[in-house]
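# Reading the structure
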Amino acid sequence: MSTVSGLPTPIGTDADSDGTAATAEHSTELPTAATTLVDTGTVDAPGVVSAPHSENAAVRADSAPVRSVWVSRAIRIASVVAAIGLWQLLTAGDVRAGLRFDTLPTVTEIVAEFGDHLGTGQYYLDVAQSLIRIVTGFGLAAVVGVLAGIGLGRSRLLADVFGSLAELIRPIPAIALVPVAILLFPSDESGIVFITFTASLFPVLVSTRHATRALPTIWEDAIRTLGASRREVLTRVVVPGILPGVFSGLSVGMGVAWICLISAEMISGRLGIGYRTWQSYTIVDYPAVFVGMITIGVLGFLTSGIVELAGRRVTRWLPREVGS
C-alpha cells in the first residue's frame, strides 16, 4: 500500500483507471461497428435478420401465392378453350375414328343456336322452372338431412328405429322412384320435387351422421365439465364441429340433385331444361340438345359453386392451401 499526503491509496487504482479508459475506448468502437452493420442492412443484433431483408422476404412470400393463383386460373381457362377448339376441329372435319364426330354439330352451330335460344322467353321460363325445383328439393333435403344426420349420429334409439330403414332405401336410385312419385303425388311438379329431394337427401344425411359420430368425445366432456347444457353442447360443439362434413355432403347432394332432376323432367316434366332438351332430341334438333346440355352444366357449376362458397365462409377457420 502506498501513501499520498499521508493517506492510504488502494493498490490497483491506476490499473482500474486504465481499465475504465480501455472499456470506454471499446464502448466507443462497438456502436460504430453495429451502426455500420445496421446501415448495410446485414444484421441488427446477433441472430436477428435486418429489416430490409425481412421486408424483401415478406414481399416475395406474398407475391408467390398470387402468381400461383393466376397461373392456376390461366391453366383452367386454357384447358376449356383447348377442349372447345378440339371439338370444332373434329366436328368440322367430319372425323370418323372409331367415334362418329361427323354426326355431331360444330361449335359454331351450337353458338348460333344458343343465340337463338337467348332471344326467346321460353328458354328463360325453362331455366326458372328448373331452378325453382332444384332450390325447393335441395333446400328441403339440406334441412331434413342435417337434422336427421345429427339425430342418427347422437341417439342410439333413433339409430335403431330409423337407421336400418334409411340404409335399405339409400341404395335405390332416386330416378327409379319416378313411377312411385307419379302414383303418389297429384301433380307432376310435386313428383319432380320429391325426386330431387330424395336424390340429395342421403348424401347430406350420411355425411352429417358420419361427421357427428367422428367428433372427439373430449370436446363434449370438456364443455359439460364447465356446466354446459344439452342445448349448448349442440350449438357450441356439435354444430361447429360437423360443418366441414355437412358441406361435403351438401356439395355431393347438389350434383346428384341436378342429375335426377333432369332425368325426372325428361320422363314426366312439361317444363324445364331437361324436358326441353329431350324434346329437341325427339325432333332431331341436335344443336338445341347441346344448348340444353351446356345450360345444365352452367347451372350445376354455379349452384355447386354457391354451396362451396358458403361452406368456405362458414368454415373459414379451417386451414387451406392458398388458391385452392
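Residues numbered from 1 in each chain as written. Predicted model: local features only at pLDDT ≥ 70, side-chain atom pairs only at ≥ 80, totals over all residues. Heavy atoms only, no water.

### With respect to the packing of aromatic side chains
For the structure shown, the criterion picks out six aromatic pairs. Pairing F185 with F194 gives two aromatic rings, centres 5.1 Å apart and planes at 45 degrees, and the pair type is tilted. Among the residues examined, F185 registers a relative accessible area of 25% and is labelled partly exposed. Looking at F194, the relative accessible area reads 22%, which means it is partly exposed. Chaining the aromatic ring pairs together yields one cluster made of F114, Y123 and Y124. (Phe/Tyr/Trp six-rings, centres within 6.5 Å; stacked < 30°, edge-to-face > 60°. Buried < 20%, exposed > 50% of the residue type's maximum accessible area, 1.4 Å probe, protein only.)

### What about the confidence of the model for the protein?
Per-residue confidence for the protein gives a mean pLDDT of 81, with 78% of residues at or over 70. Counted against residues more than four places away or in other chains, residues 1-51, with its pLDDT under 50, gives 22 contacts. (pLDDT = per-residue confidence, 0-100. Contact = heavy atoms within 4.5 Å.)

### Topic: unusual backbone geometry
One non-glycine residue with positive phi stands out, namely D94, at about 50 degrees. The topology assignment puts D94 in the loop between α2 (51-92) and α3 (107-118). If you check the backbone angles, V284 has positive phi at about 60 degrees while not being a glycine. Structurally, V284 can be placed in the loop between α10 (273-282) and α11 (286-314). The exposed category is assigned to V284, whose relative accessible area is 54%. (Helix = DSSP H or I, 4+ residues; strand = E, 2+ residues; numbered from the N terminus.)

### Some remarks on the packing of helix α9 (residues 230-268) against α11
Close contact between α9 and α11 brings their axes to 10 Å; oriented N to C, the two are set at 170 degrees. In terms of orientation, α9 and α11 fall into the roughly antiparallel class. Two packed elements cross with a definite hand, and for α9 against α11 that hand is right-handed. Contact residues: α9 offers L243, F247, L250, S251, M254, W258 and I262, while α11 offers I296, L299, G300, T303, S304, V307, A310, G311 and V314. Residue composition of the contact of α9 with α11, grouped by class: 11 nonpolar, five polar and no charged. (Axes fitted to C-alpha atoms, helices over the stretch in contact; angles between N-to-C directions. Parallel < 35°, antiparallel > 145°, perpendicular 65-115°, else oblique. Left-handed = near helix turned anticlockwise from the far one by under 90°. Nonpolar A, V, L, I, M, F, W, Y, C, P; charged D, E, K, R; others polar.)

### Quick notes on the packing of α9 against α10
Axis separation between α9 and α10 bottoms out at 7 Å; the angle between their running directions is 55 degrees. Relative to α10, the element α9 lies oblique. The handedness of the crossing between α9 and α10 comes out as right-handed. Across the interface between the two elements, I262, E265 and M266 from α9 touch I273, G274, Y275, T277 and W278 from α10. Grouping the amino acids of the contact of α9 with α10 by side-chain chemistry returns five nonpolar, two polar and one charged.

### Some details on the side chain of T295
With respect to the element layout, T295 can be found in helix α11. For T295, the residues in contact, after removing those within four places along its chain, are F114, Y123, V127 and I273.

### Observations concerning the nonpolar core
Ranked by size, the top nonpolar core spans 40 residues in total, and within it I195, I242, L250 and W258 carry the most contacts. Within the residue set of this core, elements represented by two or more residues are α4 (121-154), α6 (178-184), α7 (188-213), α9 and α11. Top element by residues in this core is α9. It accounts for 15 residues. Dropping the residues within four chain positions of it, I195 is found in contact with A174, L177, V178, A181, C260 and A264. Formed by five residues, the second largest nonpolar core is a distinct cluster that contains A141, A166, F197 and F202. (Core = buried A, V, L, I, M, F, W, Y, C linked by side-chain atoms within 4.5 Å.)

### A closer look at the side chain of H117
Within the secondary structure layout, H117 lies in helix α3. Setting aside anything within four residues of it in sequence, one finds H117 in contact with Y123, A288 and V291.

### Describing the pattern of salt bridges
Applying the stated rule across the entire model yields 10 salt bridges. Of the charged contacts in the structure, one is a salt bridge between E220 and R154, with a shortest N-O distance of 3.3 Å. With E220 in helix α8 (residues 217-225) and R154 in helix α4, this residue pair connects regions lying 66 residues apart in the sequence. The class for R154 is partly exposed, based on a relative accessible area of 28%. Put simply, R209 and E167 hold a salt bridge, and the shortest N to O gap is 3.1 Å. Of this pair, R209 sits in helix α7 while E167 is found in helix α5 (residues 156-169), placing the two residues 42 residues apart along the sequence. (Salt bridge = Lys/Arg side-chain N within 4 Å of Asp/Glu carboxyl O.)

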